[in-house]
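Geometric and topological summary
Here are the chains, one letter per residue:
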Amino acid sequence: MRAERQQSLRSGEAISVRGLHVGYGNTRVLHGIDLDFSPGSFTALLGSSGCGKTTMLRSLSGFVPVQSGSIMVGGRDVAGLPPEKRGMAMVFQSYALWPHMTVLQNIGYGLKLRGVPKAEIAAKVAAMLEFLGLSGYEGRKVTALSGGQRQRVALGRALAIDPGILLLDEPLSNLDAKIRMTMRHEIRAIQQRLGVTAVHVTHDREEAMTMADRLVIMEAGRIAQVGTPEEVYDRPASAFVANFMGAENILPLRVEHSAGGASLFAGDAAAELPPALRDALPAGRAMAYFRDDVARLDAADAPSAGDLVMAGHVAARAYPGGVYRYRVKTDDCEVTVDDATRHELGAKVGLRIPVQRLHIFPASEAGLAA
Amino acid sequence: MMRLASAARATFAAAILTAFAFVLIGPLANLALWSVAERWYTPYKLPVTYGTRYWEQVFRPTGDAMASLGTSVWIAVLTVIVALALSIPAGYALARLKLPMRAAFMVLFLLPQAFPSVAIYINVARVFYQLGINGTVLGVVLVHAAHGLVYSVWIAAAAFAAVDKDLELAARNIGASPLRTFFTVTLPLAMPGIIASGIFVFLESLDEFTGTFFVGVPQVTTLPLLLYNAAMGGNYQVASITALILLVPSVLFMLFIERFLRADVLAKVGA
């Protein structure tokens, strides 16, 4: 069995989606998606609810009819085919295990459909259960299993047919936090071992980043950004992506170009704009997005030293562990900042923000995110 | 004082329960008593002589009662087959497919209940007479099935609606055709509800009187007709025993419902 699994290392199939339009009735959900999935890759479709990520997955699997566009798998367009002819196996958010069947019957269902003899099904299911750490569970009713075990059986059922493509529809959202962590690593490890092409839908940013090679951020039925976790996290392409990836503090800015370079102004504070950003930003109003852990609290009269330093006071404080989390009010805005030192409520502080770590977008574009 | 109040409350509750039990059990007790009363006349409050003579008469292999019990069961079985053959596809379609005028269809199956049944059955009898199926088992089965469809279609639709669509999609997803999915996933999961509707139709058929009276008499004699004849003839013993026999399947059905039918299926009836 081990050898067999090793062999299927090349079994991952490529998917190529072009101009995919999907809708329900008169409501358009996907507005022309172009996306490629390379064999053996692990892609996470990430977005808030209603962005179309689940619809995207369901149109790949054939559960939702495609209005126009193509889905190429192995050189043929499967967009018009029924689900059973697509060779994609899905793990459902609800697991969708059949309660009237045992674990053996659930995992063996796909093999039975393919006319595999009974003894061989039993052997393959046993090997699959061993692979999933559920040896000896064949005769159990699926209703008698815990959440994590059901999850594994659902995964086993999908993998039993040796699919080229594995679709994961928020498979971890019904598990409690601790099991979710282990399952993240298990699913990732299994996918790596089998070399299957995985498409994972989730609204959990951390889950997407820890499991996937590549993130696809979706916004209102369109792709907002595609990239590795590092790219999307560190270099968001739009205000929406920056905000979605956790840069939730918003700072209104003014950009001014001069002969020697460009400067940023936020209230009374000012800083030089780094050369890399100079050409990308037109003069005028802009919005900066940054994460809680980017800014620091300093003395109210601290020197700028290249950073933006804004005067403000502590409006609220919490201790989530490790560092203090402050709500700091300045004249223009209110932001959340993590800092290791303790400040009292109402204390005058200097909010120090390194310009390099800001995600700055012209106000006209950024307006979309709010 | 407190004790008096609580004692009064307990007495009141006991009185209510007793009254309730009497309303429920009183007629049944009367039936049971009549079934073993060989002689019972006024002014006596209880039978004068007890005995099982009438039970023996009813259960005598050559007796009318056994013959009509056989007819009743046979008609009920055929009615269940006809009703399920129609209500399984109809229920699935109503639960799953996007039918225009779905509500209209659901109401359509209720229509036979909306009019006075005697008026309907007189006309049905006239039509069946012209077709030459009056007084046949087929005629009675058709009448019973039309009556039973009201329940079986609604219950079947509820049973199919209660099956999670993802369970079907999961089967399609790993390679099952729609038909295969229906027979391996949808139907087995809807089965408790379908069985319940089948039993319900069976009981309705067993109990049915009006339609059988107009369409079946005199060739087809079911148990309720026998009961009617016995009661009209003043033979309360045979009437009581027949009634008790008719009670048995109903009680079994209640136990089945209580034991096997999921609340979420019941909740979807008519939804």
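Conventions adopted
- Residue numbers restart at each chain and count upward from 1, following the sequence in its written direction.
- Whichever chain is written first is A, and whichever ligand is written first is 1; the rest continue in order.
- Selection of residues for local features in this predicted model requires a pLDDT of at least 70, selection of side-chain atom pairs for listing and counting requires 80 or more, and totals for whole chains, interfaces and linings are taken over all residues.
- The numbering of helices and of strands both runs from the N terminus, where a helix is a DSSP run of H or I of at least 4 residues and a strand a run of E of at least 2.
- Whether a residue is buried, exposed or partly exposed is read from the other C-beta atoms within 10 Å of its own C-beta, which are placed from the backbone; 20 or more gives buried, 12 or fewer gives exposed, and intermediate counts give partly exposed.
- Placing a C-beta atom from the backbone of each residue, one calls two residues in contact when those atoms lie within 7 Å.
- C-alpha atoms define the radius of gyration, and 2.2 Å times the number of residues to the power 0.38 defines the globule rule.
- Any two strands are treated as partners once DSSP identifies two or more bridges connecting them.
- A helix's residues, less one, multiplied by 1.5 Å, set its expected span.
- Fitting axes to the seven residues that end at a residue and to the seven that start at it, the angle between those axes gives the bend at that residue.
- Residue ranges labeled as domains rest on an automatic or database domain assignment.
- All amino acids are sorted into three groups, where Ala, Val, Leu, Ile, Met, Phe, Trp, Tyr, Cys and Pro are nonpolar, Asp, Glu, Lys and Arg are charged, and the leftover types, Gly among them, are polar.
- Lines fitted to C-alpha atoms define the axes here, with helix axes fitted over just the stretch in contact, and angles between the N-to-C directions of these axes take values from 0 to 180 degrees.
- Handedness of a crossover is defined as follows: orient the strands so they point away from the viewer, and if the path from the first strand over the helix to the second runs clockwise, the crossover is right-handed.

1. A short note on the overall build of chain A
Summing up its helical and strand segments, chain A has eleven helices and 20 strands in all. For chain A, the spread of C-alpha atoms along the principal axes amounts to about 80 × 45 × 40 Å. Each of the 370 residues in chain A was classed as buried or not, and the buried ones make up 40%. Residue pairs at least 24 apart in sequence account for 68% of intrachain contacts in chain A once pairs closer than 6 positions are excluded.

2. What to know about the overall build of chain B
Secondary structure summary: chain B contains 13 helices and two strands in total. Since a compact globule built from 271 residues should have a radius of gyration of about 18 Å, the 23 Å found for chain B marks it as more spread out than a globular shape. Dimensions of chain B along its principal axes, counting C-alpha atoms only, are 75 × 70 × 35 Å. Taking all 271 residues of chain B together, 37% fall into the buried category.

3. Quick notes on the pairing of strand 4 (residues 68-73) of chain A
Residue and element names in this part refer to chain A. With five bridges connecting them, strand 1 (residues 15-24) and strand 4 associate as antiparallel partners. The partner of Ser16 across the bridge, within strand 4, is Met72. Sheet topology places strand 4 next to strand 5 (residues 76-77); two bridges connect them, and they run antiparallel. Note on strand 5: the bridge partner recorded for Met72 is Asp77.

4. Structural notes on helix 3 (residues 64-96) of chain B
Here helix 3 of chain B spans 47 Å end to end across 33 residues, near enough to the 48 Å set by a 1.5 Å rise per residue. Maximum bend of helix 3 of chain B: about 30°, positioned at Ser87 of chain B, with proline Pro89 of chain B one to four residues after it.

5. Regarding the domain arrangement of chain B
Residue and element names in this part refer to chain B. Once the domains are mapped, chain B shows domain 1 (2-50) and domain 2 (62-267). Listed per partner, the contact involves five residues of domain 1 and six residues of domain 2. Ranked by residues supplied to the side of domain 1 that touches domain 2, first place goes to helix 1 (residues 2-35) with four residues. The residue makeup of the side of domain 1 that touches domain 2, split by class, is four nonpolar, one polar and no charged.

6. Considering the sheet that holds strand 20 (residues 359-362) of chain A
Residues and elements named next belong to chain A. Overall, antiparallel pairing links the five strands, which are arranged 13-12-11-14-20 in an open sheet. In this open sheet, the two strands that pair with only one neighbour each are strand 13 (269-272) and strand 20. Neighbour to neighbour, the strand axes of the sheet diverge by 35° on average, direction disregarded.

7. Section: the domain arrangement of chain A
All names here are of chain A. Structurally, chain A comprises domain 1 (2-239) and domain 2 (246-366). Look at where the C-alpha atoms of domain 1 and domain 2 centre, and you get two points 40 Å apart. The interface of domain 1 with domain 2 comprises four residues on the first partner and seven residues on the second.

8. A short note on the pairing of strand 8 (residues 197-202) of chain A
Residue and element names in this part refer to chain A. Of all six residues in strand 8, six are buried; the element is thus mostly enclosed. Every second residue of strand 8 is oriented toward a common face, with Thr197, Val199 and Val201 on one face and Ala198, His200 and Thr202 on the other, all of them buried. Taken together, the five bridges between strand 3 (residues 42-46) and strand 8 define a ladder with parallel strand orientation. By the bridge assignment for strand 8, Leu45 is matched with Val201. Bridge count for strand 7 (residues 165-169) against strand 8 is five bridges, and the pairing is parallel. Bridged to Leu167 within strand 8 is Val199. Each parallel crossover has a hand, and the one from strand 7 via helix 6 (residues 177-194) to strand 8 is right-handed.

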